[in-house]
Amino acid sequence: RDNELLQCREIEKQKLIEYEQCEATKRSTCATKQQQCTDQREAARIKCAAADAASKIQTAKLCLPEECDFKENPTCGSADVEREADGWLAEVRSKMEAYQKLAEECRTMTSEASSTCADAEAYCAGDHCEGQRSASDQQRASCAQSYDSALLAKCDFGRAAQTKCADLSAVHALIAKIKDSNRQDALSEPDRVAEFAAVQRLLCLLQALHDEGDLSQEATAACAAKTPYPNTFDYFDERIAELTAADSISCNEKSFSFSGYEWDTGLTSAAFVKRSASPAFSVAMASPAFAFCSDEMAAAVDLQTTNGDMVKSPQNQWGPYATCPEGFEVLGLGRIDILGGAANQNVNDFECNDNGCRAWCHNTECNVAARCGKASNLKLVNGNVVNHQQVNHWSEYSTCPSGFIPIGLARIDLHGGSSDDNVNDFQCNELGCRAWCESTTCSVTVRCAQATNLDVTVGTFGTSGPDQWSDKMPCPEGYVALGMARLDLHSHGEAANINDLECTDDGCRAWCHHSNCGLRSMCGKTFHKDELHMTPGTVIKSPPNQWGPYSTCPSGHKVVGLARLDMISGEHNANVNDFDCNDYGCRAWCHNTECWVVARCARAPGLEATSGPLIHAPGNQWSDFSNCPSGYVAAGLGRVDIIGGENDDNVNDFDCNEKGCRVWCESTDCKVQPRCVKGPGFSVMMGATVEGNENTWSPVSECPTGSTSLSLSRIDIKGGGSAAQVNDLHCTNQGCRAWCHNTKCSVRSTCAKYDP
């Protein structure tokens, strides 16, 4: 299996290279065509400017005498005037011909430039690499399955090796007991030999006494001499040596090579590196045979969190790092407290990394503590740094590397240094972290985590009055606060700032200076092997007017629908033309806008997922239900494909029940397909139907107690026309919600319960 995986990765890298080469060719060709467009437009502009200049000519000034005396000059110089007029007319005709030629060249070059630019725009917007991308995505999905198979096979081998070594250890222990002469029990072979000899001597002596009537010295000596043990005990030395020979498992191994190699992978072919690998082997049955088998262990170490010690940071300079207790890793900020309370005092910069957390506080001392955690196979990294150069505006999201989950802020750095420079709002979710910095540019970095069975979600959103502690914003039941997910100052200006924030296990709170504020906790927990585990897939930013890459699920998880689909543009001519969730992941084709795409992923013992039939849906009416295969239930929509491509072509309503899904598409035909699941003890039910107002988030459609959301089962747009559409949808374990543009809408979740 490991060799099959190696070969699969080789092909995966090659498919990715082919896709990258295609995209590089497209970019190069696109750049060439765009340059041709620019060059032709510039040449046409120059030509049209020349034509414009040539369109004007000064009126001729003929040299006529002021007065004429026919007595002295009978013709009054008419011949000279006629020569001048003829010359001027000839010049006019020449310049007119030149202008007409330039004007015609201007029209021709402008038309050619327009055609070239239209061709460039069409080419650059076209999806010329769909075949290569599809092949790469399919190979990636195939290798993900090969990886799971190889991982399971290696873990099965490791568990079998541990079992063999445990049996071998038991055999050696048994042999040691058999060879022990001081046990005085049935296992001791020396005791058995001695007992046999004693019994045989006694029998001999009794026989001699019977035969001779007396025990002579000679008879006693004879009985002692003729009582050998009749058998030689077989300790299976040869068989044990055979089973622990060099070509077998000796149980002295510290590692196993398998194929001898493994691949580092990533989103680009450059990330694919084949390297030597001999994973360390643990012979102890109480631990996983190999580190990568920890997910196969029934009991993982539960997530544990605490805050480190508080340190005081001096004003107007970096303070020391606030660190975590031994055995804990830095999750983010546990507390930051501005010791002053003046309007010109704020946090200019803070940073959390593997060393701890520290701050640069402007015009005041401040106290800093790190938020700390530990869990099975916990790894923490910082995401990419987003340098935001637009004042008083949302930054782009700082995102996590593939396989990592955003857990909060790692850093916000205000580039200015004046008292009215502030972080007015920051937000962290499954996409990453972003910030709204007031009166200055800033940079933003997300803190990211990876751990066995880790799930991260956001808690309840609440508001607080000015100049007081807010309530702690709670996490869902079973979760603990990892850090702050949102802190929004409702006022602006120098006087409004964050004076103090604190996170503990039961939630996060803040003291907002001279401003109301809204806040939310970022929450986490670890799941066990026998529980239903829901988690978001990889975060994908999909380009406009073409298929984006797939958002894929972690190993062992199944794609059950969308966790997030967010159109970055809010214009009425932007919509989702097509989205598709299948066994590979979820992807989208967004019309006239970039969009964020995140798959919703599930894992439970015996859980299976598939897609129902893709059926045609006529426009402006309900389609038939596309029902799941026998034995499956509908998790939610798997695909909706709008066949038209106009701005007013939209999904006005969709509806899923336990059997399947249907759709109502406005102004166009479309296609619909459900995503379906089945498994032992797995059941689905509908969440509460909630109604949201236009241009804001709807309430969350919450799931019944004891269940978790899979996906959306319904969004019903109450308005009509091109301006009414779904701009964003979002599902977490607690339920689903939607942001509907220029219309009210109703929302309902599909929920699941696992009861093995």
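What comes next concerns the included structure.

Cut-offs applied
- Residues numbered from 1 in each chain as written.
- Predicted model: local features only at pLDDT ≥ 70, side-chain atom pairs only at ≥ 80, totals over all residues.
- Heavy atoms only, no water.
- Helix = DSSP H or I, 4+ residues; strand = E, 2+ residues; numbered from the N terminus.
- Contact = heavy atoms within 4.5 Å.
- Areas by Shrake-Rupley, 256 points an atom, 1.4 Å probe, with all protein chains shown as cover.
- Axes fitted to C-alpha atoms, helices over the stretch in contact; angles between N-to-C directions.
- Left-handed = near helix turned anticlockwise from the far one by under 90°.
- Buried < 20%, exposed > 50% of the residue type's maximum accessible area, 1.4 Å probe, protein only.
- Pairing = 2+ DSSP bridges.
- Salt bridge = Lys/Arg side-chain N within 4 Å of Asp/Glu carboxyl O.
- Disulfide = S-S within 2.5 Å.
- Polar contact = N/O pair within 3.5 Å; in protein donor to acceptor, adjacent residues only side chain to side chain.
- Core = buried A, V, L, I, M, F, W, Y, C linked by side-chain atoms within 4.5 Å.

### Here's the deal with the overall build of the chain
Scanning the chain from N- to C-terminus turns up six helices and 39 strands. Sequence-distant contacts in the chain: of pairs separated by 6 or more residues, those separated by 24 or more amount to 77%. Accessible surface computed for the chain: about 35,700 Å², of which carbon and sulfur atoms make up 50%.

### With respect to the packing of helix H4 (residues 189-212) against helix H5 (residues 217-225)
Where H4 meets H5, the closest approach of the two axes is 9 Å, and the angle between their N-to-C directions is 145°. Between H4 and H5 lies a crossing of right-handed hand. Here Arg 201, Cys 204, Leu 205, Ala 208 and Glu 212 of H4 come into contact with H5, specifically with Ala 219, Thr 220, Cys 223 and Ala 224.

### So, the pairing of strand E24 (residues 585-591)
By the criterion of burial, E24 is predominantly enclosed, with six of the seven residues buried. Note that strand E23 (residues 575-582) and E24 share seven bridges and pair antiparallel. Note that in E24 the partner of Asp 578 across the bridge is Trp 589. Here E23 folds back onto E24, and the loop between the two strands holds two residues.

### Here we look at unusual backbone geometry
Of note in this structure, His 514 is not a glycine but carries a positive phi near 60°. By secondary structure assignment, the location of His 514 is in the loop between strand E19 (507-513) and strand E20 (517-526). Exposure remark for His 514: the relative accessible area of 42% places this residue in the partly exposed category. For Asn 620, which is not glycine, the phi dihedral falls at a positive 60°. Along the polypeptide, Asn 620 turns up in the loop between strand E27 (615-617) and strand E28 (626-627).

### Some points on the sheet that holds strand E38 (residues 735-741)
Pairing is antiparallel in the open sheet, where six strands are placed in the order E21-E25-E22-E37-E38-E35. Each of the sheet's edge strands pairs with one partner strand only, and the pair in question is strand E21 (533-542) and strand E35 (701-702). Where strand E22 (residues 558-567) meets strand E37 (residues 725-732), three bridges bridge the pair, whose relative direction is antiparallel. Paired with Arg 564 across the strands is His 730, a residue of E37.

### As for the pattern of salt bridges
With the rule as written, the count across this model stands at 31 salt bridges. A salt bridge links Asp 349 to Arg 411; its shortest N-O distance comes to 2.6 Å. Pair noted here: Asp 349 is in strand E6 (residues 346-353) and Arg 411 is in strand E11 (residues 405-414), with a separation of 62 residues, a long-range link.

### Notes on the state of the cysteines
Counting across every chain of the model gives 23 disulfides. Cys 352 shares a disulfide with Cys 357; S-S distance 2.1 Å. Between Cys 352 and Cys 357 the sulfur-sulfur dihedral comes to about 115°; the bridge is accordingly right-handed. The exposure class of Cys 352 is buried, given its relative accessible area of 0%. Two residues share a disulfide in this structure: Cys 512 and Cys 517, whose sulfurs sit 2.1 Å from each other.

### Details of the side chain of Arg 587
Note that Arg 587 resides in strand E24. Within the structure, Arg 587 has its side chain in polar contact with the side chain of Tyr 550 (distance 3.3 Å). The residues touching Arg 587, leaving out its near neighbours within four places in the chain, are Trp 547, Gly 548, Pro 549, Tyr 550, Phe 579, Asp 580 and Val 597.

### Some remarks on the nonpolar core
Nonpolar side chains tend toward joint burial in soluble globular proteins. Counting residues in each nonpolar core, the largest one holds 64 residues, and the members touching the most others are Val 368, Leu 409, Phe 426, Met 484 and Leu 487. In terms of residues, this core owes the most to one element, strand E17 (residues 480-489), which gives seven residues. Setting aside chain neighbours within four positions, we find Val 368 in contact with Asp 309, Met 310, Val 311, Ser 313, Ala 322, Leu 333, Arg 335, Ile 336, Cys 357, Arg 358 and Ala 359. One finds Leu 565, Cys 581, Ala 617 and Cys 665 within the second-largest nonpolar core, a separate group that totals 36 residues.

### Considering the environment of Leu 532
Examined against the element boundaries, Leu 532 turns out to sit in the loop between E20 and E21. Using a relative accessible area of 11% as the deciding quantity, one classes Leu 532 as buried. Along the chain, Leu 532 and Pro 605 lie 73 residues apart, while their C-alpha atoms are 8.0 Å from each other. When sequence neighbours within four positions are dropped, the list of residues in contact with Leu 532 reads Phe 527, Ala 602, Arg 603, Ala 604, Phe 682, Thr 708, Ala 752 and Tyr 754.

### With respect to the environment of Ile 249
Inspection of the secondary structure assignment puts Ile 249 in the loop between helix H6 (237-243) and strand E1 (261-264). Classification of Ile 249 by relative accessible area gives buried; the value is 13%. Discounting residues that sit within four places of it in the chain, Ile 249 has contacts with Phe 157, Ala 161, Lys 164, Cys 165, Leu 243, Thr 244 and Phe 256.

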